[in-house]
Amino acid sequence: MHFAAGYIYMKKKKIAIFGSTGSIGKQTLEVINHHNDLFCVEVLTSNTNSDLLIEQSIKFKPNCVVIADKNEYKKVNDALMPYDIKVFAGEESLCDIATMESIDLVVMALVGFSGLKPTIRAIENGKTIALSNKETMVVAGEIITSLAKKHNVAILPIDSEHSAIFQCLCGEFLNRIEKIILTASGGPFLGKDKDFLRNVSPKEALQHPKWSMGRKVTIDSATLMNKGLEVIEARWLFDVNAKNIEAIIHPQSVIHSFVEFEDGSLKAQLALADMRLPIQYALSYPERLKNNFPKFNILSYPNLNFQKPDTNTFECLLLAYEAIEKGGNMPTILNAANEIAVESFLKGNIGFLDIAENIRKAMNKYTFQPLSNVDVCYQTDKTVRAELSQLLL
Ligand code: MG
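I will try to describe carefully the structure that is included in this document. In every chain, residue numbers begin from 1 and rise along the written sequence. Reporting in this predicted model follows two pLDDT cut-offs: at least 70 for local features of residues, and 80 or more for side-chain atom pairs to be given and counted; totals over whole chains, interfaces and linings ignore these cut-offs and use all residues. As a rule here, side-chain values come from all non-hydrogen atoms in the structure, and water together with hydrogens is ignored.

Looking at the nonpolar core
Phase 1: Put simply, buried Ala, Val, Leu, Ile, Met, Phe, Trp, Tyr and Cys residues joined by side-chain atoms within 4.5 Å make one nonpolar core. Exposure is judged per residue with a 1.4 Å probe applied to protein chains only, and the accessible area is read against the type maximum: over 50% gives exposed, under 20% gives buried, and values in between give partly exposed. The biggest cluster of nonpolar side chains holds 128 residues, and the ones touching the most others in it are Leu116, Leu334 and Phe352.
Phase 2: Here a helix means four or more residues in a row that DSSP labels H or I, a strand means two or more in a row labelled E, and each is numbered from the N terminus. Per-element tally for this core: the top contributor is helix 15 (residues 330-346), with nine residues.
Phase 3: We call two residues in contact whenever any of their non-hydrogen atoms come within 4.5 Å of each other. Filtering out sequence-adjacent residues up to four positions away, Phe352 remains in contact with Phe189, Leu197, Arg198, Val200, Ala205, Ala222, Thr223 and Phe345.
Phase 4: Of all hydrophobic cores here, the second largest spans five residues; its members include Ile181, Ile248, Ile255 and Phe258.

A word on the coordination of the magnesium ion
Phase 1: Here the magnesium ion is held by Asp159 (OD), Glu161 (OE) and Glu230 (OE), and the distances to it run 2.0 to 2.2 Å.
Phase 2: Listed donors are limited to N, O and S atoms within 2.8 Å of the metal, widened to 3.2 Å for Na, K and Ca; water is not among them, so incomplete-looking sites are possible. As a motif over one chain, the donors of the magnesium ion read D-x1-E-x68-E. Across the pair, exposure class does not vary: Asp159 and Glu161 are buried alike.

A look at helix 7 (residues 134-150)
Phase 1: Under the convention used throughout, the expected extent of a helix is 1.5 Å for every residue step, that is, one less than its residue count. Between its first and last C-alpha, helix 7 extends only 21 Å over 17 residues, short of the 24 Å set by a 1.5 Å rise per residue.
Phase 2: Buried within helix 7 are the following residues: Lys134, Glu135, Thr136, Met137, Val138, Val139, Ala140, Gly141, Ile143, Ile144, Leu147 and Ala148.
Phase 3: Asn152 occupies a position one or two residues after helix 7 and carries a positive phi of about 55°.

Quick look at the pattern of salt bridges
Phase 1: Any carboxyl oxygen of Asp or Glu that lies within 4 Å of a side-chain nitrogen of Lys or Arg is treated as forming a salt bridge with it. Evaluated as defined, the whole model comprises 27 salt bridges.
Phase 2: With a closest N to O distance of 2.5 Å, Glu315 and Lys194 form a salt bridge. Taken together, the residues Glu315 in the loop between helix 13 (276-284) and helix 14 (316-326) and Lys194 in helix 9 (residues 194-197) connect sequence positions 121 residues apart.
Phase 3: Members of the salt-bridge network, linked through shared partners, are Lys134, Asp159, Glu161, Lys227 and Glu230.

Take a look at the structure:
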C-alpha cells in the first residue's frame, strides 16, 4: 500500500521555484514538464532575467511570479497581463511569496546568500523545501535545521552529493553514520599546481569537465570551495560531525557520494551526472518516477578512480573545514568572502589563487561571534560583503 502515491495522483503537487531562470530552475521546469500529470507550477521567481521569466510563465501558467529587480516589473507585468498571472517585484516579495497557502513544495534555487531569508519564511510556513541553495545551510545550518524540526518540515537535498547521501540513508535512519564520503570531480584544474593556477583565466575556470552548472558554482568547483561548502551542508543536513565527513576526488563523477556505517558497509548512489535526477527525486520523494533521461551503464565505466584532494594547492577546502570547526559566524565570513572573491575573479580583477587568499584574510580579520540568532548571519554577511566589494569589485 502506497499512501503517498494515492495522494499524489489525486492532486498535483504545487511547486514554487525560486530562481527559475537559473540552471537548476530551468532543469526543474524540464522535470515538471516531463511529469505534468503529477506536478504543476504555482510560483516562478527570477532575479533579473525578465525575458526568460515571461517565456516560462506563458508556458507553465503559474499563479504568480516575482521579478526581484524592480526595474523589470513593468515589462513582466505588461507581458503577463493577458494570462491572469499576478506579478510582484522586489526582494521583500520573494519572502512574502514563500508563505503562500497554496504552495506544497519550494524549490530553493537562488544563488548564494540571497536564499536564506525566503527559505526561513517558507519553513516557518510549513513548506517542504527542495534545497539547491547550499549557502543557506552553510551560513545558518544550525538555525535552519532546528527551525525545520520545530515546524516539522522536510528539507530534501537537490545537490547531487547530498541527494546521493539521502538516498543511501533511506531505510537507515536508526543506524549511526560512521562516515560520509563526498565525491568531487576535481574540476578543470585537477592535477595542476600553483604555478599553473596563478595565471588561469575565468574562461578556463568555467570549463567544467563533467557538470553543466551556473557560473558561481562552476568556479567554486574549480577552487574546490564547492566541496568545502558541501561538507558544511552535509554536516547540518545529516547531523554528522565535520571530522567524519571526507571529500575525495573521483574524476568520473558517477558515484555521487558514499555513506559508511558502523559495520564497515559502504553504500553509494551511482548515476550519470545529470542534475534532473536529484531534482526529480526531491520532487517525487519518497517515490521514484520513470523518465526518459539517458541511463547509466556500469560497463561504460570499467575504471573508477579515487584520490585524496591536493589541499596544499586547493586551499579553499581546508578553509571550509576551519570555518566549520570554529563555527558561529565563521562560515558566513567564508561564504561572503568567497562570493565577492569569485565575482572579482570573474571580472578579471584578481587571480585564481587570490580567491583563497582573500577568504583567508577575511577569516582572520573579522570578529568571531557565536550564532545566537540569524541576525548575526545577516550582519556579518553585510559587513564582509560591503568591505570586500570596495576592495575587490
Ligand atoms: Mg554538488
